[in-house]
Amino acid sequence: MCSSDLVWSKHKMPFKEWEMEITFKVTGARYLGGDGFALWFTEKSEQFGATFGNAEDFVGLGVILDTYDNDGKRDNPAISAVVSKGDTKFDHDSDGREQRIPGAMCKINYRNPRNTVSMRVRYQAGVLFVGYDLRSRGSYTDCFRAQVELPASYYVGLTAHTGQIGRASCRERV
């Protein structure tokens, strides 16, 4: 069975600049668990697939919260950003190293926290700002800033996906 969850906006966002916060809690075995989840800004919505629950050929931006260390480099959990024009597939085996926007990644241990964790994502003047707050108290630490070009209007989505077993069975359905 393929395990993936998603929620998408019903309408495209027309805003050129914005800021949003999400609060979450990731729990589970220390090094085992799902692949992670992602916040998407894409031309199409509800395109189910193996990239953290979204289509592999997405057009737009993904802010990835990768909870599983596929490449064994001990650089997870991490927050990173990827962009695609529909021709770039996320390489799970390398934790998306080649698909990342240069400099758009920070390793942060948000697994099994005592409190909820908050993430602030802001897009202003063509720059994506991502910050985190491990205690959800309103005190954010910068994760990264990256130059990004978003589509003129886009859907916003949040998707999550299980690990390798779920990904293999999902590929059969796509």
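Up top is the structure these notes are about.
Residues numbered from 1 in each chain as written. Predicted model: local features only at pLDDT ≥ 70, side-chain atom pairs only at ≥ 80, totals over all residues. Heavy atoms only, no water.

Caption draft 1: Spatial organisation of the overall build of the chain. Summing up its helical and strand segments, the chain has 1 helix and 12 strands in all. Starting at the N terminus and walking to the C terminus, you meet the elements of the chain as β-β-β-β-β-β-β-β-β-β-β-β-α. By the burial criterion, 50% of the 174 residues in the chain qualify as buried. Within the chain, residue pairs in contact and separated by at least 24 positions form 64% of the contacts whose partners lie at least 6 positions apart. A total accessible area of about 9,400 Å² is found for the chain, and carbon and sulfur atoms account for 47% of it. (Helix = DSSP H or I, 4+ residues; strand = E, 2+ residues; numbered from the N terminus. Buried < 20%, exposed > 50% of the residue type's maximum accessible area, 1.4 Å probe, protein only. Contact = heavy atoms within 4.5 Å. Areas by Shrake-Rupley, 256 points an atom, 1.4 Å probe, with all protein chains shown as cover.)

Caption draft 2: Region of the structure containing the nonpolar core. Counting 33 residues, the largest nonpolar core has Trp18, Phe24, Phe41, Ile79, Met119, Val121 and Leu128 as its most contacted members. Formed by 9 residues, the second largest nonpolar core is a distinct cluster that contains Trp8, Trp40, Val82 and Phe90. (Core = buried A, V, L, I, M, F, W, Y, C linked by side-chain atoms within 4.5 Å.)

Caption draft 3: Highlighting the state of the cysteines. Scanning all chains against the criterion turns up 1 disulfide. Each sulfur of the disulfide joining Cys106 and Cys143 lies 1.8 Å from the other. For the disulfide bridge between Cys106 and Cys143, the dihedral angle about the S-S bond is near -100 degrees, and by the sign convention the bridge is left-handed. One end of the pair, Cys106, is in strand β8 (residues 100–107); the other, Cys143, is in strand β11 (residues 141–147), with 37 residues separating them in the sequence. (Disulfide = S-S within 2.5 Å.)

Caption draft 4: Broad picture of the packing of aromatic side chains. Under the defined criterion, the tally for this structure stands at 7 aromatic pairs. Ring centres of Trp18 and Tyr123 lie 6.0 Å apart, and the angle between their planes is 25 degrees; this geometry places the pair in the stacked category. Of this pair, Trp18 sits in strand β2 (residues 18–24) while Tyr123 sits in strand β9 (residues 117–124), and the two are 105 residues apart along the sequence. Residue classification places Trp18 among the buried positions, given a relative accessible area of 9%. On the basis of relative accessibility, which here comes to 9%, the residue Tyr123 falls in the buried class. (Phe/Tyr/Trp six-rings, centres within 6.5 Å; stacked < 30°, edge-to-face > 60°.)

Caption draft 5: Expanded view of the sheet that holds β11. Taking strand neighbours across the sheet as the criterion, the 4 strands line up as β2-β9-β10-β11 in an open arrangement whose pairing is antiparallel. Single-partner strands in this sheet number two, and they are β2 and β11. Neighbour to neighbour, the strand axes of the sheet diverge by 15 degrees on average, direction disregarded. Examined bridge by bridge, β2 and β9 share 7 bridges and lie antiparallel to one another. Paired with Ile22 across the bridge in β9 is Met119. (Pairing = 2+ DSSP bridges. Axes fitted to C-alpha atoms, helices over the stretch in contact; angles between N-to-C directions.)

Just geometry here; none of it tells us what the structure is for.
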